[in-house]
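# A structural walkthrough
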There are 2 protein chains.
Amino acid sequence: MSVQFQAPDDVTIDPRIEQLVTDVIGRVADKWTMLLLEVLEQGGTLRFTELGRAVDGISQKMLTQTLRQMERDGLVSRTVHPVVPPKVEYRLTDLGLSLSAAFCGVWNWAATHLDRIEAARAAFDARG
Amino acid sequence: MSVQFQAPDDVTIDPRIEQLVTDVIGRVADKWTMLLLEVLEQGGTLRFTELGRAVDGISQKMLTQTLRQMERDGLVSRTVHPVVPPKVEYRLTDLGLSLSAAFCGVWNWAATHLDRIEAARAAFDARG
DNA sequence: CGGAATCCTGACAGATACTG
DNA sequence: CAGTATCTGTCAGGATTCCG
């Protein structure tokens, strides 16, 4: 464990915090999670198939998988109604809502600077 | 043009924006990019190997690759000094700085709610 | 309806070796 | 020092099928 790479004090981030935070972000900042966050924030309480239709392009596998992870992390609550046909509803917890709010900044940033990125990319590619 | 996305079912997000934004976020929100963003924000101008030492666990391949992408997207500037031995310096552009700021919210969220997530996860796992 | 189980593939990360 | 090149294994994720 303690390989401790001779850290020259200056710019290094505390490895523990770094580990934990990037770990959390890594699980939370993927495409489907963000889209589900967005959809659930706007839609309130939604069923499985409704989510599937709302998030364009998601496979049922990834929908299940992502929802499970989000449930596990306490971002969404899952309510099973014992009826036939089955009815399962998902909604954001307060934790999920707060994350959604935090992501708002990144979302806006992306929407705002989209063209600048495209431009930078085009320029870079043009330079070879 | 007023395309005004004829929402067939309630909660759908405009596919174009969704596409573009998630695309941008997808490239920008990966582990190494975030860590480099953080390190560069704090460290100012840094050399290749300094970055390698600052970001614990990154391979030189991923460092190169991630820096290239960030440069392509206009997030970092790369300056080659024609000396021997070679000296290449990286620093955030204003675009990169703004992204770093935007991510700050998510970063803080993760740091703040880390324990709640761990707790939720433990509870979930305990329930089977 | 809301999943779980299975199979399959291509993208990508790690290790290694070489270079201007 | 700051990369490039290659090879290889892993694994995320799509398609498909089946079930309570």
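A short tour of the structure in this document, coming up. Here the structure is a predicted model, which is why all the values come from computation and not from measurement.

## Description of the protein's contact with DNA strand C
The local shell around DNA strand C holds 17 residues, among which T49, Q60, R78 and Y90 of chain A together with K61 of chain B are the closest. Between a phosphate oxygen of DNA strand C and a side-chain N or O atom of R47 of chain A, the distance comes to 3.0 Å. Between a phosphate oxygen of DNA strand C and a side-chain N or O atom of R68 of chain A, the distance comes to 3.2 Å. Of all the secondary structure elements, the ones that give two or more residues to the surface near DNA strand C are α3 (48-54), α4 (60-72) and β3 (87-92) of chain A together with α4 (60-72) of chain B.

## Considerations on α4 of chain A
The end-to-end C-alpha separation of α4 of chain A is 18 Å, in line with the 18 Å expected for 13 residues at 1.5 Å each. For α4 of chain A, every residue scored as buried is listed here: L63, T66, L67, M70 and E71 of chain A. In a view along the axis of α4 of chain A, the buried residues occupy a sector of 135°, so they form one face of it. Here the buried face of α4 of chain A lies against α2 (31-43), α3, β2 (76-81) and β3 of chain A together with α5 (94-126) of chain B.

## Digging into the protein's contact with DNA strand D
Taken together, 17 residues form the shell around DNA strand D, and within it K61 of chain A together with T49, Q60, R78 and Y90 of chain B come nearest. Protein-adjacent atoms of DNA strand D, using a 4 Å cutoff, are sugar or phosphate at a proportion of 53%. Separating a phosphate oxygen of DNA strand D from a side-chain N or O atom of T49 of chain B is a distance of 2.8 Å. Put simply, the parts of the chain that give the surface near DNA strand D at least two residues each are α4 of chain A together with α3 (48-54), α4 and β3 (87-92) of chain B. When the residues that make up the surface near DNA strand D are grouped by side-chain class, the tally is seven nonpolar, five polar and five charged.

Thresholds applied
- Residues numbered from 1 in each chain as written.
- Chains lettered and ligands numbered in written order.
- Predicted model: local features only at pLDDT ≥ 70, side-chain atom pairs only at ≥ 80, totals over all residues.
- Heavy atoms only, no water.
- Near = heavy atom within 4 Å.
- Polar contact = N/O pair within 3.5 Å; in protein donor to acceptor, adjacent residues only side chain to side chain.
- Helix = DSSP H or I, 4+ residues; strand = E, 2+ residues; numbered from the N terminus.
- Expected span 1.5 Å × (residues − 1).
- Buried < 20%, exposed > 50% of the residue type's maximum accessible area, 1.4 Å probe, protein only.
- Arc of directions from axis to C-beta.
- Contact = heavy atoms within 4.5 Å.
- Nonpolar A, V, L, I, M, F, W, Y, C, P; charged D, E, K, R; others polar.

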